[in-house]
Amino acid sequence: MEPIPKILKVLNWITSALFVVALYMVLFFAPREAVMGDVQRVFYFHVSAGWVGGLAFLVTAIASGVYLARGDHRWDQIALASVEIGLFFTLANIISGSIWARPIWNTWWTWDPRLVTASIMELVYIAYLLLRQGVDDPDRRARFGAVYSIVGFISVPITFLSIRIFRTIHPVVIGSSDPAAMSSLTMDPKMRVAFFFSLFTFTLVYVTLLWHRLRLQHLAERVEQTKMKVLSA
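Residues numbered from 1 in each chain as written. Predicted model: local features only at pLDDT ≥ 70, side-chain atom pairs only at ≥ 80, totals over all residues. Heavy atoms only, no water.

### Quick word on the environment of Phe88
Then, number 1: With respect to the secondary-structure elements, Phe88 resides in helix 3 (residues 73-105).
Then, number 2: Relative accessible area serves as the criterion here: at 54%, Phe88 is assigned to the exposed category.
Then, number 3: Spatially, the C-alpha atom of Phe88 lies 27 Å from that of Met36, the residues being 52 residues apart in sequence. (Helix = DSSP H or I, 4+ residues; strand = E, 2+ residues; numbered from the N terminus. Buried < 20%, exposed > 50% of the residue type's maximum accessible area, 1.4 Å probe, protein only.)

Structure representation (structure tokens):
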């Protein structure tokens, strides 16, 4: 097995340390929200997970575009790895949103535009993985996946803008001072520090996981190549 690069080892320690600090800031540094109470603390990781999901799908779309332009399968590998990470964090976003909503909205689920569009986005990228599994030829699989992921990325801005386009009870965090917003969440300075620190930490978590996933993918390909050589000998 290839040794872990020194930079990745350092990144592992930095990411782990920042995550511990983020937990402290969310649980102890940020003040208790006056109306919602402690359950509001889910918000910091809920939004951060949603941010990473959108970021991962953006990286997938960009990597797919580069693959279509250059034909280099390394970009297709980045696109696939990023989708897998994005699906995990989007699911975490949806589940944490339900946990937050239960005591506030008195229900685990409601047909709110944000919840619906986020769930559709998750299904769009699950379909991306299913599409790839249904195509045997590597070149065709990469091309079909690239085109699909670029078109499917439309679901990401729709999810983000849904609480601004439609009538919704979901609070607006970014741009909450907009008078047209039906619901908003006002943060004091300590809340904002914890919020943006969580966003930064989750972004670093994404970068770290992507690097590890690409290494795993590379090692799997080497194993497959070795097996082919042994069988053909």
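### Remarks on the side chain of Glu122
Then, number 1: Within the fold, Glu122 resides in helix 4 (residues 113-133).
Then, number 2: Summary of buried charges: Glu122 has no salt-bridge partner, and the nearest side chain of opposite charge, Arg114, is 13 Å away.
Then, number 3: Not counting residues within four places of it along the chain, the set of residues in contact with Glu122 comprises Leu87, Thr90, Leu91 and Ile94. (Lys, Arg positive; Asp, Glu negative; His and termini not counted. Salt bridge = Lys/Arg side-chain N within 4 Å of Asp/Glu carboxyl O. Contact = heavy atoms within 4.5 Å.)

### Focus on the packing of aromatic side chains
Then, number 1: One pass over the full model with this rule turns up 12 aromatic pairs.
Then, number 2: Measuring from centroid to centroid gives 5.2 Å for Phe88 and Phe89, while their planes differ by 85 degrees, and the two rings are edge-to-face.
Then, number 3: Relative accessible area serves as the criterion here: at 6%, Phe89 is assigned to the buried category.
Then, number 4: Taken together, the ring pairs in this structure connect Phe19, Phe45, Phe88, Phe89 and Phe202 into an aromatic cluster.
Then, number 5: Here Lys190 stacks its cationic end above the ring of Phe29, 5.3 Å away from the centre of that ring. (Phe/Tyr/Trp six-rings, centres within 6.5 Å; stacked < 30°, edge-to-face > 60°. Lys NZ or Arg CZ within 6 Å of the ring centre and 35° of its normal.)

### Here's the deal with helix 5 (residues 138-152)
Then, number 1: Compared with an ideal rise of 1.5 Å per residue, which puts 15 residues at 21 Å, helix 5 spans 20 Å between its outermost C-alpha atoms and is within 8% of the ideal.
Then, number 2: Restricting attention to buried positions, one finds in helix 5 the residues Ala142, Gly145, Ala146, Ser149 and Gly152. Along the long axis of helix 5, the arc covered by the buried residues comes to 140 degrees, so they all point the same way.
Then, number 3: Measuring from the side-chain oxygen of the N-cap residue of helix 5 to the backbone nitrogen of Asp139 gives 3.3 Å; that N-cap residue is Asp137. (Expected span 1.5 Å × (residues − 1). Arc of directions from axis to C-beta. Polar contact = N/O pair within 3.5 Å; in protein donor to acceptor, adjacent residues only side chain to side chain.)

### Comments concerning the pattern of salt bridges
Then, number 1: Evaluated as defined, the whole model comprises 5 salt bridges.
Then, number 2: Between Arg74 and Asp72 there is a salt bridge, and its shortest N-O distance comes to 2.8 Å.
Then, number 3: What makes Arg74 exposed here is its relative accessible area of 57%.
Then, number 4: Using a relative accessible area of 22% as the deciding quantity, one classes Asp72 as partly exposed.
Then, number 5: Among the charged side chains, a network of salt bridges with common partners joins Arg32, Asp38 and Arg41.

### Focus on the side chain of Ser64
Then, number 1: Its location among the elements puts Ser64 in helix 2 (residues 42-70).
Then, number 2: With relative accessibility at 2%, the residue Ser64 sits in the buried group.
Then, number 3: In terms of polar contacts, Ser64 uses its side chain to reach the side chain of Ser149, at 2.6 Å.
Then, number 4: Ignoring sequence-local partners within four residues, the contact set of Ser64 consists of Ala79, Ala146, Ser149 and Ile150.

### A short note on helix 2
Then, number 1: The terminal C-alpha atoms of helix 2 lie 42 Å apart, and with 29 residues this matches the ideal 42 Å at 1.5 Å per residue to within 8%.
Then, number 2: The positive-phi residue at the C-terminal boundary of helix 2 is Gly71, with phi of around 75 degrees.

### Considerations on the environment of Trp75
Then, number 1: With respect to the secondary-structure elements, Trp75 resides in helix 3.
Then, number 2: The sequence separation of Trp75 and Ala63 amounts to 12 residues, and the corresponding C-alpha distance is 5.2 Å.
Then, number 3: Once residues lying within four places of it in the same chain are set aside, the contact partners of Trp75 are Ala63, Val66, Tyr67 and Arg70.

### Examining the packing of helix 2 against helix 5
Then, number 1: Running from amino to carboxyl end, helix 2 crosses helix 5 at an angle of 135 degrees, the nearest separation of the two axes being 8 Å. Here helix 2 lies oblique to helix 5, going by the angle between them. Here helix 2 runs over helix 5; the crossing is left-handed. For the pair helix 2 and helix 5, contact is made by Thr60, Ala61, Ser64, Gly65, Tyr67 and Leu68 and by Asp139, Ala142, Arg143, Ala146, Val147, Ser149 and Ile150, respectively.
Then, number 2: Taken together, the residues of the contact of helix 2 with helix 5 sort by class into 7 nonpolar, 4 polar and 2 charged. (Axes fitted to C-alpha atoms, helices over the stretch in contact; angles between N-to-C directions. Parallel < 35°, antiparallel > 145°, perpendicular 65-115°, else oblique. Left-handed = near helix turned anticlockwise from the far one by under 90°. Nonpolar A, V, L, I, M, F, W, Y, C, P; charged D, E, K, R; others polar.)

### A word on the confidence of the model for the chain
Then, number 1: The predicted model of the chain averages 87 in pLDDT, with 91% of residues at 70 or higher.
Then, number 2: Low pLDDT, under 50, characterises residues 176-182; the stretch is placed with 5 contacts to residues that sit more than four places away or in other chains. (pLDDT = per-residue confidence, 0-100.)

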